[in-house]
Amino acid sequence: MRAVLMAGGSGTRLRPLTCDLPKPMVPILNKPIAEHIINLLKRNQITEVIATLHYLPDIMRDYFQDGSDFGVEMTYAIEEEQPLGTAGCVKNIAELLNETFLVISGDSITDFDLTAAIAFHKQKKSRATIILTRVPNPIQFGVVITDKEQRIKRFLEKPSESEIFSDTVNTGTYILEPEILEYLPEGEEKDFSKDLFPMLLENNEPMYGYIAEGYWCDVGHLEAYREAQYDALQGKVKMEFGYQEKSPQMWIGENTYISPTAKIEAPVLIGNNCRISSRVKIEPGTVIGDNVTINPDAHLIRSIIWNGVTVGEEANLNACIIARGTRVDRRAQVLESAVIGTLSSVGEEAQISSRVRVWPNKKVEAGAILNINLIWGNIAQRNLFGQRGVSGLANIDITPEFAVKLGASYGSSLKRGSYVAVSRDQRNVSRMVTRSLIAGLMSVGIDIQNLEATAIPISRTMVSKLEVAGGVHVRLDPDRPDYILIEFFNPLGINITKAQEKKIEGAYFKEDLRRVSILDIGNMSYPSEILDTYSKSFKNHLNVEAIRHSGAKVVIDYVYAVSGAILPQLLAQFGCDAVVLNASLHQKSLATQEKESLLAQLGHVVEALKANLGVQVSANGEQFILVDEAGIPIRGEELTALMVNTIMTAHPRSTVVVPVNASSAVEQIARRHDGKVIRTKANPAALMESSQHHNVVLAGSGDMGFIFPQLHPGFDAMFSIAKLIEMLTIQERSLAQIKGEVTKVYHKSYTMRCPWTVKGGLMRYLIENHPPENLELIDGVKIIDCHTDNWVLILPDAGEPLVHIYANSEERDWVDRTLKKYRSQVQEFIDQEQDLEAISLLPN
């Protein structure tokens with residue numbers, strides 16, 4: 001007799017285990033389910049097997065090949081174009097089935113007596129016999145009812161509670177006569193239970209149910225997958241283990257080392273070539289694959305560990321599944337019913353919460369607490385907040401469900417009944433995320449002041465004017481066109497402190513979220529006169545008459561990032577001629593190359609129109625690049641120096657705030673104007689906080705934008721442009737003239753990859769190898785020449801495994817030599833640290 005092994009399913013309910021593996025190849029006791037089925041067929045003298053394949057067919061074909069190594073003869077039928085269903089795939093191979101044959105599902109574990117079932121089929125002269133079994137809860141299965149002769153009278157596929165009329169269910173194993181396949185059309189998707197069997201009943205074909213004794217488990221979901229392993233270890237099902245039983249219910253493979261101090265309680269299975277280190281504790285119900293390393297003091301409780309896994313020191317795995325090739329680092333915890341997909345890594349002291357699923361090839365960072373499934377992104381980070389807020393891939397990392405929880409976490413850090421102002425840019429994805437954030441905030445009793453689509457400088461202004469407890473702004477990340485950035489403000493409109501960020505992260509990761517009654521759900525209102533409020537504040541801090549008499553002509557490029565721009569309207573009120581380019585909205589941010597092309601176009605327009613200046617506005621109204629009257633761009637350090645020089649000329653003996661990596665041209669300008677320079681960490685929040693110091697007239701940089709603290713504490717490209725027009729008019733200078741006044745300083749940077757685990761050691765190495773009097777430790781390590789303005793800064797990136805090296809001098813050669821020197825030193829240190837780490841991971 002031939003058997004048809006139905007192995008075509010993708011096993012979506014077993015994800016992430018079946019993301020890169022067909023369901024019949026998922027291991028039970030370190031052997032694929034399909035191998036256990038083949039062993040069952042052999043025990044019942046069935047050695048000709050036809051496997052029907054659809055999902056990842058090569059994996060099964062490469063494993064079994066012609067079947068000779070497994071004592072059977074294997075052939076394969078592949079459903080190339082579309083799945084044909086359980087019956088359709090058998091119809092597809094009808095020419096190979098010219099006598100009674102057996103069909104068996106590729107996703108079940110059983111020890112039924114198939115020989116007895118076949119004898120029953122022949123005795124009854126049945127056309128189709130369904131092997132049945134009795135289960136306590138038949139809702140998930142096809143229910144069958146038979147008469148006294150066991151002839152099938154009625155069946156129902158997966159009934160509801162009210163439809164249950166029997167506890168006898170279809171096991172997906174059938175004994176069939178080839179003639180019944182004539183009821184099926186060629187090449188169409190058909191199912192046995194839904195299509196073929198009802199036709200046989202309707203035509204009064206003899207169809208019987210054989211109620212089998214023995215074990216049966218449909219491995220259709222993760223809970224059943226775990227239970228099948230535990231049942232097998234406890235001897236509830238007859239199956240071949242493939243390993244020697246060294247002591248009662250303890251199966252151990254060849255070439256496996258177990259430390260004398262390890263504590264192992266039966267029943268347990270440990271595969272070949274494993275290493276179980278000192279003081280490891282393995283509790284009953286644990287299954288460990290081949291080539292697995294369990295490092296000292298790890299604790300495994302009823303866990304299923306696939307081949308090639310490494311478990312770090314003091315790691316705790318509790319009733320979880322760890323798939324092939326995954327690394328679980330020191331002191332990590334994977335809690336009950338969690339699943340880690342193949343070739344993933346769980347960092348040191350990370351925690352995977354109960355029932356969380358991690359898809360293949362993912363990385364959970366050291367110290368991270370993961371309590372939602374990690375499916376689309378690549379990394380689960382230990383922190384929500386990065387350099388300037390919460391950011392991630394749009395609709396992959398930053399999803400609606402993520403945003404709801406983030407909103408609830410933020411709201412839970414505030415008093416119930418507090419007001420929060422919420423705003424966004426004009427893109428659809430930002431609207432989607434904002435609505436989800438609002439839902440989360442309202443769910444914990446926070447009232448919303450919805451500013452809708454608003455430029456971020458206006459949002460910061462309104463936060464302080466509305467006297468709310470805080471604010472949230474959602475936009476596309478200025479530096480990454482596929483990322484969403486969510487920023488949180490304090491009542492002054494400044495980005496929240498690290499302490500506040502930690503409070504939100506604590507609520508998020510610990511799921512310590514407040515829940516309120518229906519009556520306390522937050523309200524939402526829409527403030528009026530938002531633009532008028534900002535415009536009044538804008539005008540109050542400008543010399544409007546000076547601008548009005550300037551007759552300035554300005555060309556503004558919005559790089560397709562905004563519609564209904566505000567700045568041209570404001571400038572028009574002051575008598576300026578504002579020419580607007582590219583002010584329609586594209587839903588996706590432009591790539592760098594596209595922006596550069598538009599910048600060149602802006603330069604040509606400025607020249608052609610003989611405009612005073614051009615400006616390319618970006619980052620939802622925070623950042624800009626200038627173009628002078630000759631069409632030449634002014635940006636980065638040159639823009640920083642120009643803005644500082646212009647403002648300090650108007651405000652001598654004042655203070656400016658710049659990031660630690662800004663060029664020394666700032667100090668030179670300040671000395672000329674008897675001014676003061678405050679340097680801060682290279683992040684927006686630090687600049688905003690320091691801008692509130694006494695006598696500060698300007699803060700920021702060409703890369704991040706500029707803050708005029710008398711207006712509001714955030715970056716504001718719109719006000720910067722208006723202020724610049726005012727200054728140029730009063731000082732009777734052009735941009736080219738101001739550029740010419742600034743001493744040339746050479747300032748270069750280089751970015752290189754640096755693993756997170758190496759960053760701290762690198763900073764220590766640099767500090768230990770330079771005299772303290774030459775060091776400045778505001779952010780990163782700055783090595784300065786006390787006699788000149790020469791310096792080099794090694795600055796770890798706050799959000800990526802990168803390190804930035806900046807060199808600054810009036811001498812080009814010094815900058816080039818120093819940058820080359822420190823690039824080499826840093827790379828050498830990184831290589832040494834990685835070599836040491838690799839050595840430490842080798843087995844003892």
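What counts and how
Residues numbered from 1 in each chain as written. Predicted model: local features only at pLDDT ≥ 70, side-chain atom pairs only at ≥ 80, totals over all residues. Heavy atoms only, no water. Pairing = 2+ DSSP bridges. Helix = DSSP H or I, 4+ residues; strand = E, 2+ residues; numbered from the N terminus. Buried < 20%, exposed > 50% of the residue type's maximum accessible area, 1.4 Å probe, protein only. Polar contact = N/O pair within 3.5 Å; in protein donor to acceptor, adjacent residues only side chain to side chain. Contact = heavy atoms within 4.5 Å. pLDDT = per-residue confidence, 0-100. Salt bridge = Lys/Arg side-chain N within 4 Å of Asp/Glu carboxyl O. Phe/Tyr/Trp six-rings, centres within 6.5 Å; stacked < 30°, edge-to-face > 60°. Lys NZ or Arg CZ within 6 Å of the ring centre and 35° of its normal.

Student: Can you break down the pairing of strand S14 (residues 244-247) residue by residue, with the values?
Tutor: Looking down a regular strand, the side chains alternate between one sheet face and the other. The sheet contact formed by S14 and strand S15 (residues 250-252) spans three bridges and is antiparallel. Paired with Gln 244 across the strands is Ile 252, a residue of S15. Between S14 and the antiparallel strand that follows it, S15, lie two residues; Gln 249 among them carries a positive phi value of about 60°.

Student: Tell me about unusual backbone geometry, and name the residues and values.
Tutor: As a rule of thumb, non-glycine residues mostly have phi less than zero, and peptide bonds are mostly trans rather than cis. A cis amide bond links Arg 15 with the next residue in sequence, Pro 16, at an omega value of 10°. When you line up the elements, Pro 16 lands in the loop between strand S1 (2-6) and strand S2 (27-28). Here the amide bond leading from Ala 266 into Pro 267 is cis, since omega sits at 0°, within 30 degrees of zero. Relative to the elements of secondary structure, Pro 267 occurs in the loop between strand S17 (263-264) and strand S18 (268-270). Positive phi, normally seen in glycine, also occurs at Glu 452, with a value near 55°.

Student: So what's going on with the side chain of Thr 100? Residues and values would help.
Tutor: Residue placement: Thr 100 occurs in the loop between helix H3 (85-91) and strand S6 (101-105). We classify Thr 100 as buried; its relative accessible area is 14%. Reaching out from Thr 100, the side chain makes a polar contact with the side chain of Glu 177 at a distance of 2.7 Å. When near neighbours in sequence (up to four residues on either side) are disregarded, Thr 100 contacts Met 1, Arg 2, His 121, Ile 175, Leu 176, Glu 177 and Pro 178.

Student: Quick one: what's the story with the confidence of the model for the protein, residue by residue and with numbers?
Tutor: For the protein, per-residue confidence averages 91 on the pLDDT scale, and residues scoring 70 or more make up 95% of the total. Of the regions scoring below 50 in pLDDT, residues 159-164 engages in nine contacts with residues more than four places distant in sequence or in other chains.

Student: I'd like a description of the pattern of salt bridges, backed by residues and values.
Tutor: Evaluated as defined, the whole model comprises 38 salt bridges. Glu 205 is the partner of Arg 127 in a salt bridge, and the nearest nitrogen-oxygen pair spans 3.8 Å. Residue Arg 127 is found in the loop between helix H4 (114-123) and strand S8 (128-134), and its partner Glu 205 is found in the loop between helix H5 (192-202) and strand S12 (207-211); the two are separated by 78 residues along the sequence. The class for Glu 205 is buried, based on a relative accessible area of 14%. Measuring nitrogen to oxygen at the nearest pair gives 3.6 Å for the salt bridge that ties Glu 505 to Lys 502. Of this pair, Glu 505 and Lys 502 both sit in helix H10 (residues 498-509), three residues apart, which is roughly one turn of the helix. We classify Glu 505 as buried; its relative accessible area is 6%. A single network of salt bridges, built from pairs that share partners, joins Arg 388, Arg 460, Arg 475, Glu 487 and Glu 622.

Student: Can you tell me about the packing of aromatic side chains, naming the residues and giving the values?
Tutor: By the definition in use, this model includes 19 aromatic pairs. Measuring from centroid to centroid gives 5.4 Å for Phe 538 and Phe 719, while their planes differ by 85°, and the two rings are edge-to-face. Pair noted here: Phe 538 is in helix H11 (residues 530-540) and Phe 719 is in helix H18 (residues 717-731), with a separation of 181 residues, a long-range link. For the pair Phe 538 and Phe 719, a shared accessibility class is recorded, and that class is buried. Through pairs of rings, three or more aromatic residues link up here, namely Tyr 534, Phe 538, Phe 574, Phe 708 and Phe 719. Its guanidinium or amino end placed over the ring of Tyr 508, Lys 405 lies 4.4 Å from that ring's centre, counting from NZ or CZ. Across the ring face of Trp 791, the terminal group of Lys 782 is positioned such that the distance to the ring centre comes to 4.0 Å.

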